[in-house]
Amino acid sequence: MRVSFRLNGSVVEVDVEPHETLLNVLRDRLKIKSVKYGCGIGECGACTVILDGRPVTSCLVLAAKVGGSEVLTPDYVARTELGRRIVDAMLEEGAIQCGYCTPGFLTTIYAAIIRGVRDADSMRRALLGNLCRCTGYVNIMKAVKRLLEDVR
Amino acid sequence: MLSINLVNTYRIPQTFEYYRPESLREALVLLSTIEGAKVVAGGTDLLVDLKFRRVTPRALIDITGIGELRSIGVGDGYVEIGSAVTIQELVESEVVGRHLPLLAEAAELLGSWQIRNLATVGGNLCNASPAADTAPPLLAYDAEVELVSLGGSRRIPLERFFAGPKKTVLERGEVLRSIRVPLYRRRAGWSFIKIARTSFDLAKVSAAVLLSLEGDTVADVRIALGSVAPTPVRARAAEESLTGTGFEEAVALAPELVAREIAPIDDVRSTAWYRLEVAKTIVKDAMRRAYERFLRVGAAP
Ligand SMILES: Cc1cc2nc3c(=O)[nH]c(=O)nc-3n(C[C@H](O)[C@H](O)[C@H](O)COP(=O)(O)OP(=O)(O)OC[C@H]3O[C@@H](n4cnc5c(N)ncnc54)[C@H](O)[C@@H]3O)c2cc1C
Ligand code: FES
Ligand code: FES
């Protein structure tokens, strides 16, 4: 079936199978590799994208469902002003080890700031669904705090 | 013989038809005409089941495009929640925060932000996990569910909706349309406590308490628990015994009374013994927290 949606600011049209997830279609058909596959069952947040303004795990979204919606992926987020500041804060605090979880963290942090999250505690709660296999949470939270001081 | 594990959660290893109707009627027609059709809402339970091939539907009917299932409204003496309202929408809803704080508290603890943005309240109930986080609060509020099919609609207490682990009384062709929650008229304290492996895992045990006092006597108490029986349950006999007793006495009696009404089991998440002991403890904790909130609600202007 054919689905059409806004991807990172432009309209895309793509043929998908009904059983393909948004994660499958973004990575394999649209070649957007910034969206990562970690667990495939909603537990790790590596596949986080922003769907109509809200972060979701793209491994649990059927691609056919996003027709008419707006999707933002980590590579797009990283190119925005705010996204760049998030990445800078993460680099400065050594919040990136192997880097596999980074696109997911970046995307959730971005969505949280856009939606008005301004304190570290709320940010920590917003990030519960993003796991870091390298367990770099301390530095990730340092980056978040540095960033929040900045944003405020 | 070489055996290869074909289960890999990247792809859904089966196919099906997919429909996303814009009206409830259309959804009901599809559901009743396609043999083996299944409803999908947020997909956070169903996609996992599809990936592991625990279900093999012929078609999926996505109900999240149906406007009437997506709203929260206040009626005469009740709040009505559409089945496709997301858990995050419950968290952010002013109506839910004001009238159903016990539900709001549980919704905040369900899954992660990413999951709450997809997961729906109807999906949480229809999936019928004994651990479903919205169930204990809704049971405590005496919620009713409205089930619709091409043949008409029926409204039943949520307590009678669950038929066992992963089983409901939904019949073929039937959809959960909305959840009607009567307003709790008394001044009340509330508390939802969930014990889980991580903050966003399914509950090993959970307890919801609504409490109202007159002086220091329990005027009304509602206790509901998750993950300690084949379905989420109300501890009705305990509630009855505790009504009319002093608060401290009620807290002392509650654990043993509640223990008589639950039947926890061993499974991957926990053991029966642990569940029983923890249930007894968190019922007490939830009553105390509800008590503190009751006093604070009263102190507010
Ligand atoms: C990482 C992760 C963490 C989670 N954490 C929690 C947690 O902490 N607490 C918790 O309770 N749950 C949790 N869950 C489970 C799940 O997110 C919830 O149960 C959610 O509310 C299910 O809603 P859904 O809309 O995604 O349901 P779906 O997956 O779309 O549907 C679930 C089932 O209900 C049926 N169904 C859905 N809507 C209707 C309807 N209106 N009428 C008839 N049938 C219907 C479907 O056919 C399916 O069988 C978690 C899941 C994941 C992946
Ligand atoms: S791959 Fe989607 S949450 Fe892990
Ligand atoms: S940096 Fe390696 S998983 Fe987070």
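Per chain, residues are indexed from 1 in the order of the written sequence. The naming scheme follows written order: chains are lettered A onward, ligands numbered 1 onward. pLDDT decides what is reported in this predicted model: residues at 70 or higher carry local features, side-chain atom pairs at 80 or more are listed and counted, and totals for whole chains, interfaces and linings draw on all residues regardless. Excluding hydrogens and water, the side-chain figures rest on all heavy atoms present in the structure.

**Here we look at the overall build of chain B**
Counted only if it meets this: By definition, any uninterrupted DSSP run of H or I lasting at least four residues is a helix, any uninterrupted run of E lasting at least two residues is a strand, and each is numbered from the N terminus. It is over C-alpha atoms that the radius of gyration is taken, and the globule rule equals 2.2 Å times the number of residues to the power 0.38. A contact between two residues is defined here by any heavy atoms of the two lying within 4.5 Å. Method for areas: the Shrake-Rupley scheme with a 1.4 Å probe, in which residue coverage is limited to the protein chains shown.
Scanning chain B from N- to C-terminus turns up eleven helices and 14 strands. Relative to the globule expectation of 19 Å for 301 residues, the C-alpha radius of gyration of chain B, 20 Å, shows essentially globular dimensions. Taken along the three principal axes of its C-alpha coordinates, chain B extends 60 × 55 × 30 Å. Considering only intrachain contacts with a sequence separation of at least 6, the fraction spanning at least 24 residues in chain B is 63%. For chain B, the exposed surface amounts to about 13,000 Å²; the carbon and sulfur share of it is 51%.

**Digging into helix 6 (residues 137–151) of chain A**
All names here are of chain A. Defined as follows: By definition here, a helix of n residues has an expected span of 1.5 Å times n minus one. Only protein chains enter the area calculation, which uses a 1.4 Å probe; residues under 20% of their type maximum are buried, those over 50% are exposed, and those in between are partly exposed. The arc under discussion is defined with respect to the helix axis, by the directions toward the C-beta atoms.
Here helix 6 is 15 residues long and its end C-alpha atoms lie 20 Å apart, about the 21 Å a rise of 1.5 Å per residue gives. Burial in helix 6 covers these residues: Ile140, Met141, Ala143, Val144, Leu147 and Leu148. Relative to the axis of helix 6, the buried residues are bounded by an arc of 155° and lie together on one face. Among the exposed residues of helix 6, those pointing more than 90 degrees away from its buried face are Val138, Glu149 and Asp150.

**Side note on the interface of chain B and chain A**
Rule in force here: By buried area we mean how much accessible surface two parts lose on assembly, using a 1.4 Å probe and totalling the loss over both. Put simply, a salt bridge is a Lys or Arg side-chain nitrogen that is within 4 Å of an Asp or Glu carboxyl oxygen.
Each partner contributes to the interface: chain B provides 33 residues, whereas chain A provides 37 residues. Buried surface at the junction of chain B and chain A, both sides included, amounts to about 2,900 Å², of which 58% is carbon and sulfur. On the chain B side of the interface with chain A, the three residues burying the most area are Tyr10, Trp113 and Gln114 of chain B, jointly 27% of the side's total. The interface formed by chain B and chain A includes three salt bridges. Asp62 of chain B serves as the salt-bridge partner of Lys65 of chain A, at 3.7 Å between the closest nitrogen and oxygen. Per-element accounting of the side of chain B that touches chain A gives the leading share, five residues, to helix 6 (residues 113–118) of chain B.

**Comments concerning the nonpolar core**
Residues and elements named next belong to chain B. Note the following rule: What makes a nonpolar core is a set of buried Ala, Val, Leu, Ile, Met, Phe, Trp, Tyr and Cys residues whose side-chain atoms join them at distances within 4.5 Å.
If you look at the biggest cluster of nonpolar residues, it comprises 78 residues, and the most contacted ones within it are Ile81, Leu90, Leu125, Leu138, Val145 and Ile179. Of all the elements, helix 5 (residues 101–108) adds the most residues to this core, at five residues. With residues near it in sequence (within four places) discarded, Ile179 still touches Val79, Glu80, Ile81, Ser83, Val121, Leu125, Leu138, Ala143, Glu144 and Val145. Grouped together as the second largest cluster of nonpolar side chains are 32 residues, Val221, Val228, Ala254 and Leu257 included.

**Regarding the site of ligand 1**
Here is the rule: Any residue with a non-hydrogen atom lying within 4 Å of a molecule or strand is treated as near it. Here a polar contact is taken to be a pair of N or O atoms separated by no more than 3.5 Å, where protein atoms must pair a possible hydrogen donor with a possible acceptor and residues adjacent in sequence count only if both atoms sit in side chains. When residue character is reported, Ala, Val, Leu, Ile, Met, Phe, Trp, Tyr, Cys and Pro are called nonpolar, Asp, Glu, Lys and Arg charged, and the others, Gly included, polar.
Residues in contact with ligand 1 amount to 36 residues; listed here are only the nearest, Val39, Thr44, Asp45, Leu46 and Thr120 of chain B. One chain alone does not account for the residues near ligand 1; they come from chains A and B. Thr44 of chain B is positioned such that a nitrogen or oxygen atom in its side chain is 2.6 Å from an oxygen atom of ligand 1. One of the side-chain nitrogen or oxygen atoms of Thr120 of chain B is found 2.6 Å away from an oxygen atom of ligand 1. Contact with the protein chains hides 94% of the accessible area of ligand 1, taken as 980 Å² for the molecule alone. Of all the secondary structure elements, the ones that give two or more residues to the shell around ligand 1 are strand 2 (37–40), helix 7 (121–126) and strand 10 (175–182) of chain B. The dominant element in the shell around ligand 1, judged by the number of residues it contributes, is helix 7 of chain B, at four residues. Split by residue class, the shell around ligand 1 holds 19 nonpolar, eleven polar and six charged.

**Focus on the environment of Ala95 of chain A**
Residue and element names in this part refer to chain A. For Ala95, the location among the structural elements is in the loop between helix 3 (81–92) and helix 4 (102–114). Sequence-wise, Ala95 and Arg133 are 38 residues apart; in three dimensions their C-alpha atoms are separated by 12 Å. Contact partners of Ala95, with chain neighbours within four places excluded, come to Met90, Asn139, Ile140 and Ala143.

**Points about unusual backbone geometry**
Non-glycine residue Lys31 of chain A carries a positive phi angle of around 60°. Within the fold, Lys31 of chain A resides in the loop between helix 1 (22–29) and strand 3 (48–51). Overall, the relative accessible area of 56% leaves Lys31 of chain A in the exposed class. Positive phi outside glycine occurs at Arg53 of chain B, with the angle close to 55°. Tracing the backbone through its elements, the reader meets Arg53 of chain B in the loop between helix 2 (46–51) and strand 3 (59–62).

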